[in-house]
Amino acid sequence: MKVEMDMQVGYYRFPKDNYKTRRLNAICYDYYGMELVCFGPEDVDINNNIVRGKVLINGSWKEKIVPVPKIINNSPFKTKKTLNVYNHLEKNSYMMFKKYGDKKLIDTLLRKDGTYQHLLIPTKELVSFTDLMSEIERFGEIVLKPTNSSQGRGLYTIKKKKSNRYTVRNDMFKKTLELFEVEKFYIDNLRKRKYLVQKCINSRTEANQPFDVRVQFEKNSLGKWVEAQKYVRIGQANQLVSNISKGGSVIRWSSFTNSYFSEKKRLLYRKKLKEIVDGLPEKIEELFNANITSLAFDFGLDEQFYLFEVNFFPGGTFARGEIAMLRASYTKYLLENNMQARLITSNDYKSLYESLLEERNHYQREYNAIKNSKSWKITKPLRKVSNIINNIVK
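Let me begin by describing the structure that accompanies this report. Note that this is a predicted model, so its numbers are computed, not measured.

Below, the discussion takes up the pattern of salt bridges. In this structure the tally under the stated criterion is 19 salt bridges. Linking Glu-90 and Lys-98 is a salt bridge whose minimum nitrogen-to-oxygen distance equals 3.7 Å. Owing to a relative accessible area of 31%, Glu-90 belongs among the partly exposed residues under this scheme. Look at Lys-98 and you get buried, because its relative accessible area is 12%. The residue Asp-212 makes a salt bridge to Arg-233 at a minimum N-O spacing of 2.9 Å. On the criterion of sequence distance, the pair formed by Asp-212 in strand S14 (residues 211-219) and Arg-233 in strand S15 (residues 225-234) is long-range, its members being 21 residues apart. Here Arg-233 falls in the buried class, since its relative accessible area comes to 14%. Linked through salt bridges whose partners overlap, the residues forming this network are Asp-212, Arg-214, Arg-233 and Asp-298.

The five strands lie next to each other as S16-S15-S14-S17-S18, forming an open sheet whose pairing is antiparallel. Looking at which strands have only one partner, the edges of the open sheet turn out to be strand S16 (249-252) and strand S18 (304-311). Pairs of neighbouring strands in the sheet enclose a mean axial angle of 30°, with direction left out of account. Bridge analysis of S14 against S15 gives nine bridges, and the strand direction is antiparallel. Residue pairing in the sheet places Glu-218 in a bridge with Val-226 of S15.

The next point concerns the nonpolar core. Ranked by internal contacts, the top residues of the largest apolar core, which has 36 residues, are Phe-288, Phe-297, Phe-299 and Phe-312. For this core, the elements supplying multiple residues, two or more each, are helix H3 (103-113), S14, S15, helix H6 (253-260), helix H7 (263-277), helix H8 (280-288), strand S17 (294-302) and S18. When residues no more than four places from it in sequence are discounted, the contact partners of Phe-299 are Leu-119, Asp-212, Val-213, Val-215, Leu-273, Ile-276, Val-277, Leu-280, Phe-305, Tyr-306, Leu-307 and Phe-308.

We now examine the side chain of Thr-331. Following the sequence through the fold, Thr-331 ends up in helix H9 (residues 320-336). You can call Thr-331 buried: its relative accessible area is 0%. Looking at Thr-331, its side chain comes within polar contact range of the side chain of Tyr-29, at 2.8 Å. Setting aside chain neighbours within four positions, we find Thr-331 in contact with Val-9, Tyr-29, Met-34, Ile-71 and Met-96.

Summarising the sheet, strand S1 (residues 7-12) and strand S2 (residues 34-39) pair through six bridges and their orientation is parallel. Across the sheet, residue Met-7 finds its bridge partner in S2, namely Met-34. As a crossover connection, the stretch from S1 through helix H1 (residues 19-31) into S2 is right-handed. As paired strands, S1 and strand S6 (residues 71-74) are joined by three bridges and run parallel to one another. Along S6, the bridge assignment pairs Gly-10 with Ile-72.

What counts and how
- Residues numbered from 1 in each chain as written.
- Predicted model: local features only at pLDDT ≥ 70, side-chain atom pairs only at ≥ 80, totals over all residues.
- Heavy atoms only, no water.
- Salt bridge = Lys/Arg side-chain N within 4 Å of Asp/Glu carboxyl O.
- Buried < 20%, exposed > 50% of the residue type's maximum accessible area, 1.4 Å probe, protein only.
- Helix = DSSP H or I, 4+ residues; strand = E, 2+ residues; numbered from the N terminus.
- Pairing = 2+ DSSP bridges.
- Axes fitted to C-alpha atoms, helices over the stretch in contact; angles between N-to-C directions.
- Core = buried A, V, L, I, M, F, W, Y, C linked by side-chain atoms within 4.5 Å.
- Contact = heavy atoms within 4.5 Å.
- Polar contact = N/O pair within 3.5 Å; in protein donor to acceptor, adjacent residues only side chain to side chain.
- Right-handed = clockwise from strand over helix to strand, strands pointing away.

Encoded structure:
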């Protein structure tokens, strides 16, 4: 299908969206022969299936009423107030961006697949205070992350000190607590919200500044993944994460490695990162059985790389122009191929996760049965001898 000059594409954002970015996207879409209709939730007429948007004509914004576009470059975020609008758009259009899963589901899928197991941080769902203390004993220092959050919101670390005392901190406070106080902290702050417990990865500069490395991928005019940008976010020394919204800074990956590492380490880390991300976007699409528009991977670096986050709606940072052009070209690709993209719903995610969870619980039950059996207990001394022999052989 040939794209007509007046082919309309929706650009759905909230009122506080960056207008410079909006203009940039309109110019890029026009370059590829598409008219970008910019609108927000307040501009959608559900009853008549139309939007009262704005289009860029000769450098000026003009109001225009159009049917709900068949494809929308959208913000995937929803609020209770705008949920009915979003659901209507999702029902009547192809939405380019979706929330494909939280931290827990992504971690579960990657662990089950195993290909990128070496990037995953030891992680456990926080179910009880016993779980919390078990992981602290195991690692010495742990990170607590809400399953649905970003920019370090709701994040805590707990570190075991001597004499059964513990340091609990986030970006707002740092306290030393006794064991009973840690339990009270768990009850007051953690029990009512879904958290993951992770081994603490010390991804920090020599000046004790937290940092992470983001690698962003976009689809191109052929529907193929290309690397759009690579940069490092550096936080302040007193912060837990490299959150630039709280006073951190951003630097290109190449400049960061030049400034912070020796030549040997610089070359090693650049090579390693390139190897790590090769095939990673394709793997995420495969695991979710979905056509994804954009992906960003956040890595920590503590002698080796660890995967911190997967972001399905990353911004532009150093490459706003290039990313706007890529997204416009990919939109054209979707239109020319009749948007024959595999879609997946939130219900599909739920059933997928539930099946994985049941499989995990099945093996856990089998393991517990073996562990509690008489034969397991009788052979315990033999297993100890075997471990000693194996260590000697190594």
